[in-house]
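Chain by chain, the residues:
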Amino acid sequence: MSSGIATDHVNLNSLLADSNVNEVLQELDTELIGLKPVKARVRDIASLLLVERARKQLGLVGSAPSLHMSFTGNPGTGKTTVALRMAQILHRLGYVRKGHLVAVTRDDLVGQYIGHTAPKTKEVLKKAMGGVLFIDEAYYLYRPENERDYGMEAIEILLQVMENQRDDLVVILAGYAERMNTFFKSNPGLSSRIAHHIDFPDYNAMELEQIADSMLKKMEYRLSVSGLEALREYIPKRAQQPHFANGRSIRNALDRARLRQANRLFSLKDRPLSRDELMTIEGEDLRNSRVFT
Amino acid sequence: MKITQGTFSFLPDLTDAEIGMQINYALKQGWAIGVEYTDDPHPRNFYWEMWGNPMFDLRDAAGVMVEVLACRKAHSKLYVRVNAFDSTLGFESTRLSFIVNRPKDEPGFLLRRTEVSGRQIQYTTESYATRAPEGRRYE
Amino acid sequence: MVKPADRYKSGVMPYAKMGYWDADYVPKDTDVIACFRITPQDGVDPIEAAAAVAGESSTATWTVVWTDRLTACDHYRAKAYRVDPVPGIPGQYFSYIAYELDLFEEDSIANLTASIIGNVFGFKPLKALRLEDMRIPVAYLKTFQGPATGIVVERERLDKFGRPLLGATTKPKLGLSGKNYGRVVYEALKGGLDFVKDDENINSQPFMGWRDRFLYCMEAVNKASAATGEIKGHYLNVTAGTVENMYERAEFAKQLGSCIIMIDLVIGYSSIQSMAKWARKNDMILHLHRAGHGTYTRQKSHGVSFRVIAKWMRMAGVDHIHAGTVVGKLEGDPNVIKGIYSVCRDSFTKKNLEQGIFFDQDWAGLRKMMPVASGGIHAGQMHQLIEYLGEDVVLQFGGGTIGHPMGIQAGATANRVALETMVKARNEGKDIWNEGPQILADAAKWCAPLRAALDTWKDVTFNYESTDTADFVPTATPA
């Protein structure tokens, strides 16, 4: 490419290749099962940022894009994982300098006594600078029922930094969809500074089965025929019960199944056990769960 | 006069961007960073006032710069320095220390000579600035 | 094993047979281990030569003595346990010898060296012998005080961090009157140096008595300190004919408020240990000039390597030691110098044959010794000096300060500006090894003294081959 052309043309492909963002997107694809709409949104945002960079290269100056985001969805739907990847993407595209993720909740930001909140919040913000600050269940910062709550103080400091130090950090607010909506409605200042909303849907039964399968593979276990049958009955039953947390609930169920498998194998301790037996989760290992009672 | 304590006192005053680069270097080594200020720059005044505790676990200079700028704003007429602390076994001490703010006019020091026995002289260094009470120096 | 009746029959017997060679011996953690380079006389078997070294440096004499049998002699005999040919040098061998800890008195370099480099260096069956390296066991190290001050405490006392310290030796080294001498000290300190130094042979001569020198130098130090707001120092050389005289001079230096004194290596190991104890007790930094070492450290075939001297000096308790420059006018192969600097500054020195370090050495919490680079170096080499020598080092530019065309203060300023500029650039992530000259040239645009220094010494290099080089890599001294 001659340098004369380079000044008024830009090649998105080579920009993309230079940034190594595709690797992150691919990792996101293989690492997380399902979540199609989320992955599509992440790709959209990555493209937007890439184009923004291309525009900057050609001297097209708009205002620096706001990058703060909100991730809404039920527990266990991959919000933290995606936030980690998002931090990498922002880093590789040059929007944050270091690319680390600092994940916090209300307790890390808000103090219990007067004068404690500002230093606590500032401490967290300083640690997050150069990277991404992920505030899980962000709505707990706002407790209108208690007028002396210090959460508002944290929100105000947060707002200031989100506005004035956009180059220094990106904030991601996360939590249940409905509660986040209420939170944003009562805090329009925050809401107006959020540029990207990503909604994380619940996993369907099929996806949860795949998640279970991939978790077991990583732990060097597998399901017998009766085990798979039991899992297929377990998933919808569990999903209807309270405190269902998608991927996280599946992990817990498998951990308990391993415990029961170990108990079952221990009762056979008088005879040698095969590699196969040590690896296999049987139907009964799952069916003894409370979910079935 | 110009007091030449600190790692970079013989260079032109560091810009904020240059201060940031030194801080990033220190953070990369895993050092904690503290900001200190004083109105008594005597060479053996080891304890300047701390502008808060040293900052641990920071990743980027922007976090430190928040405090550097705040301290400089609050004490614009005094000396402000940035210190980096290394907790590694065998060091456990300051590894970098440089001045990031100084008074416009630095009156320097009086060298007081007290003649003792024979040709011996006892030397005392005194900051001219400390002749004014605390809080009214460098005004 | 030989039967006792045969072993102790009167007469002469090979050292190896006497029990000074044991190929199966596994050194204990508490053993002192030495690695010697031996050059046996023609026809002498290297294993027998190694055993002879072990014998002569521990319990043996030339013939069998029955009085051995009154002792636990197996315990006391040093054991040669390994002999390797020196790569590329026919006729030379590295022999490893282990010494039982009970052979040595605690806290005494004199006792340690009386064995290890005692009679054995004149032993006839060897053409030449060199002590290459030693492993001092933690148990023995713990009986030594170590550096009186150490790098960390020295920096805290001086309140100087993040960059090498800067010094210079007053020149001419001999002949100046006390008053003129102090002038040089003041100018150099005010211009930006941290330290000025007496030379090794300035003690108390007809042209300047020691008290005069001390009084004028301290006037210069205090005046420069008040003029800059920095702590400054002058290494007052207290070397004298007797330890009593040295104590007297050191006491006077303390009374005058000096933060540092200096001694020469030629005063001897016990005097050095005495002065180190005095320095620890009196909050004094102790600088050691290695005068005389070149007589036995430089030739590869015979003598004691400087890294061993450095080890002994760290144990003996000095704070500063001249340790080579790589780029200057004195002997210094880069790898060998790196090894010596490691000995001075590590908490744990890893075995590194390329750097002449034959053993892992745990320093057992002994404080660190500040290496001093001195001799024919100038501001234009700043990037190389920092790259080779690191941050915890005193860079001494004697001629490069005092010989500056614009005067001594300007010379000092040039060095300080070059140093701070280079450290700043390094911290900013610049490739100072390659961009160094440009970085200096840029700084010289706003600093006239640096410009003059770069112009004056731009072509000065000392490009000779080193004699003391590592045997495990081919190396050349850089320009």
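Please read these numbers as outputs of a predicted model, since none were measured by experiment. (Residues numbered from 1 in each chain as written. Chains lettered and ligands numbered in written order. Predicted model: local features only at pLDDT ≥ 70, side-chain atom pairs only at ≥ 80, totals over all residues.)

*Asks:* Help me understand the overall build of chain C, please; the structure alone is not making it clear to me.
*Replies:* A tally of regular secondary structure across chain C gives 19 helices and 15 strands. Its C-alpha atoms give chain C a radius of gyration of 24 Å, near enough to 23 Å, the size a compact globule of 479 residues would have. Principal-axis analysis of the C-alpha atoms places the extent of chain C at approximately 80 × 50 × 40 Å. Evaluated residue by residue, chain C yields a buried proportion of 55% over its 479 residues. Intrachain contacts of chain C at a sequence separation of at least 6 include 75% that bridge at least 24 residues. (Helix = DSSP H or I, 4+ residues; strand = E, 2+ residues; numbered from the N terminus. Rg over C-alpha atoms; globule rule 2.2 N^0.38 Å. Buried ≥ 20, exposed ≤ 12 C-beta atoms within 10 Å, placed from the backbone. Contact = placed C-beta atoms within 7 Å.)

*Asks:* Could you clarify how one ought to interpret the overall build of chain A in this entry?
*Replies:* If you tally the helices and strands in chain A, you get 15 helices and seven strands. Principal axes of the C-alpha set define a box for chain A whose edges measure 75 × 60 × 30 Å.

*Asks:* Could you clarify how one ought to interpret the sheet that holds strand 9 (residues 285-289) of chain C in this entry?
*Replies:* Sheet strands pair via backbone hydrogen bonds, and the direction of the pair is either parallel or antiparallel. All names here are of chain C. Taken together, eight strands build an open sheet; the order of strands is 5-15-14-11-9-8-7-6 and the sheet is parallel. The open sheet has two free edges, formed respectively by strand 5 (165-167) and strand 6 (195-197), since each of these has just one partner strand. Adjacent strand axes in the sheet meet at a mean angle of 25°, parallel and antiparallel pairs treated alike. (Pairing = 2+ DSSP bridges. Axes fitted to C-alpha atoms, helices over the stretch in contact; angles between N-to-C directions.)

*Asks:* Mind showing me how you'd approach unusual backbone geometry here?
*Replies:* Residues other than glycine predominantly adopt negative phi, and peptide bonds predominantly adopt the trans conformation. Residue C:Pro172 follows C:Lys171 across a cis peptide bond; omega there is -5°. Mapped onto the secondary structure, C:Pro172 falls in the loop between strand 5 and helix 8 (178-191). A positive phi is found at B:Tyr138, a non-glycine position, where the angle reads about 60°. Looking at the element boundaries, B:Tyr138 is found in the segment after strand 6 (121-127). With a phi close to 55°, C:Ala364 is a non-glycine residue in the positive phi region. Among the secondary structure elements, C:Ala364 is positioned in the loop between strand 13 (361-362) and strand 14 (370-374). Residue class for C:Ala364 comes out partly exposed when judged on the 16 C-beta atoms lying within 10 Å of it.

*Asks:* When you look at the arrangement of the chains in this model, what are you seeing that I'm missing?
*Replies:* With two pairs of chains in contact overall, the greatest share of contacts is found between chains B and C. Between chain A and chain C there is no contact, and the shortest C-alpha to C-alpha separation is 15 Å.

*Asks:* Where do I start with the sheet that holds strand 3 (residues 93-99) of chain C in this structure?
*Replies:* All names here are of chain C. Judged by pairing direction, the sheet is mixed, and its five strands sit side by side in the order 2-3-1-4-10 without closing on themselves. At either margin of the open sheet sits one strand with a lone partner, and together these are strand 2 (79-85) and strand 10 (303-304). Where helix 3 (residues 46-56) meets the sheet, it contacts strand 1 (32-40), strand 2, strand 3 and strand 4 (126-135), and its direction lies at approximately 140° from that of strand 2.

*Asks:* How should I be thinking about the interface of chain B and chain C in this particular structure?
*Replies:* Interface size, as often reported, equals the accessible area lost upon joining of the parts. Each partner contributes residues to the interface: chain B has 29 residues there, and chain C has 28 residues. Among the secondary structure elements, those contributing two or more residues to the side of chain B that touches chain C are helix 1 (16-28), strand 4 (93-101), strand 5 (109-115) and strand 6 of chain B. When residues in the side of chain B that touches chain C are grouped by element, the largest group, five residues, is from strand 4 of chain B.

*Asks:* It is not clear to me how the interface of chain A and chain B should be interpreted in this structure. Could you clarify?
*Replies:* Taken residue by residue, the interface counts 10 residues in chain A and eight residues in chain B. Tallied by class, the residues present in the side of chain A that touches chain B amount to one nonpolar, four polar and five charged. (Nonpolar A, V, L, I, M, F, W, Y, C, P; charged D, E, K, R; others polar.)

*Asks:* Which parts of the structure should I look at to understand helix 19 (residues 448-457) of chain C?
*Replies:* One turn of the α-helix equals 3.6 residues, which is why residues spaced by three or four share an orientation. All names here are of chain C. For helix 19, the complete set of buried residues consists of Pro449, Leu450, Ala453, Leu454 and Trp457. Down the axis, helix 19 shows its buried residues gathered within 135° of arc, on one side only. If you follow the buried residues of helix 19, they end up packed against helix 16 (399-402), helix 17 (408-427) and helix 18 (432-446). (Arc of directions from axis to C-beta.)

*Asks:* Could you clarify how one ought to interpret the confidence of the model for chain A in this entry?
*Replies:* Any segment with low pLDDT has predicted coordinates that should not be analysed in fine detail. Residues and elements named next belong to chain A. Confidence in the prediction for chain A averages 90 pLDDT; 98% of positions are at 70 or higher. The least confident element of chain A is helix 1 (residues 3-6), whose mean pLDDT is 45; the most confident is strand 3 (residues 132-136), at 97. Low pLDDT (under 50) marks residues 1-6, which in the prediction has one contact with non-local residues, meaning those over four places away or in another chain. (pLDDT = per-residue confidence, 0-100.)

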